[in-house]
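Here are the chains, one letter per residue:
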Amino acid sequence: MTDLIAIPPACLYNRDIPIEHFYTKENKNLGDSINRLTWVASLRPQIINVVSCKNEKVRYEELQIINLRISRPDDLYRICRTIYKTIKYPCLLVIDCENKFMLGTCPFIPGKTDYDNNVLKTLYFSHWIYPDRLSANARVFLDTVNQVLENGGDLSAVYKALCDAVMNFRLSGLTKTHVSKLLYDLTGKKTMAHLLDHCTPYKQYSPKNSSKKAKYEDHKLSNCYVWRYDTEEVWYTFNTHESIRRIIEGRRYSDINDLIYRIDLKIF
C-alpha cells in the first residue's frame, strides 16, 4: 500500500520492527491484532530538503513513516496510540487491513524533560482507501499528501500539512440503518444489507456531556456507542456490485457525498 505514497528513495529503510517493543502492562495482547510492523522510511535533514524544528512547543527533528498491518480494526485506536507514544517522533502511519489502507497522524506536545513524557493530541485517521478502485476523493487526498512530502521544508509545517490533509479526508461514517435506506433507494430491495458483510465498521462512542473535553478525552466518553460504516468504504462496496454501479452511473453521482445528499433530499 505504501507504493501510493511518494517517499523519497534515499529515505527508505524497510525494516521490520519487533512488536514486543510496544508491549506494556496494559497492552500485553497488542500483538493479537498486529500482523506486521515495518519502519518504512525516515525523513531527516541530513538526507533530504527538510528542516528540523525544536522549541518549547514543538520538537520535530525527523519524520517517521511506519507501515502497520492489522488483521482487524477493533483495537485500532489503542494500537496506534501505543505506537505514537513509543516512537516519540512525528509519525505518518500507513495502516493496512486486508485489501485497503488508511493514513494516520498524531501531533504531540514535547515532554519537559524527556521524550517519554510527550503529550499526544488527537489521533487522526483518514477514510479507508482501496488501491484497486481509487475514488476521486481518495486520489485528491493522496495527491495532497504526496505534494507535501515532495515539497519538504520545515518539519513542523510538513507534519501540520499532513495532519490537515488527513483531517480533510477524515474517517466518518453512516449507521447501518442509513446505508440500508440508501440501498433501498438505489435497488428498491430491502434485502441488500448483506453487502456490508465485508466492511469493517467502527464504534463511535458518545461523550458523557457537552463539554469540549468530553469529545476528545477517552475517560470522558460514555459506554454507549453506535456502529458506523466509513463512507468511502460504502462507496467502494456500492461500486463493486455491478447492478448498483450501473444505477450510480445512470444517476451521475460524482461521489459518496453527492449520493447521500441527493438521495436524502430526494434530488434526482
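Details of the structure are given in the entry above.
(A) The environment of E98, seen in detail. Here E98 lies in the loop between β7 (91-97) and β8 (100-105). Given the relative accessible area of 56%, E98 is considered exposed. Considering only alpha carbons, one finds E98 and R69, 29 residues apart in sequence, at a separation of 8.5 Å.

(B) Fine view of the pattern of salt bridges. Evaluation of the coordinates by the stated rule reveals 11 salt bridges. In this structure, the salt-bridge partner of D16 is R36, at a minimum N-O distance of 3.0 Å. Of this pair, D16 sits in strand β1 (residues 12-16) while R36 sits in strand β2 (residues 34-43), and the two are 20 residues apart along the sequence. Residue R36 is classed as partly exposed on the basis of its relative accessible area of 36%. A salt bridge links E62 to R44; the shortest N-O distance between them is 3.5 Å. Linking E62 in the loop between β5 (59-60) and β6 (63-70) with R44 in the loop between β2 and β3 (50-51), this pair joins segments that are 18 residues apart in sequence.

Rules used in this analysis
Residues numbered from 1 in each chain as written. Predicted model: local features only at pLDDT ≥ 70, side-chain atom pairs only at ≥ 80, totals over all residues. Heavy atoms only, no water. Helix = DSSP H or I, 4+ residues; strand = E, 2+ residues; numbered from the N terminus. Buried < 20%, exposed > 50% of the residue type's maximum accessible area, 1.4 Å probe, protein only. Salt bridge = Lys/Arg side-chain N within 4 Å of Asp/Glu carboxyl O.

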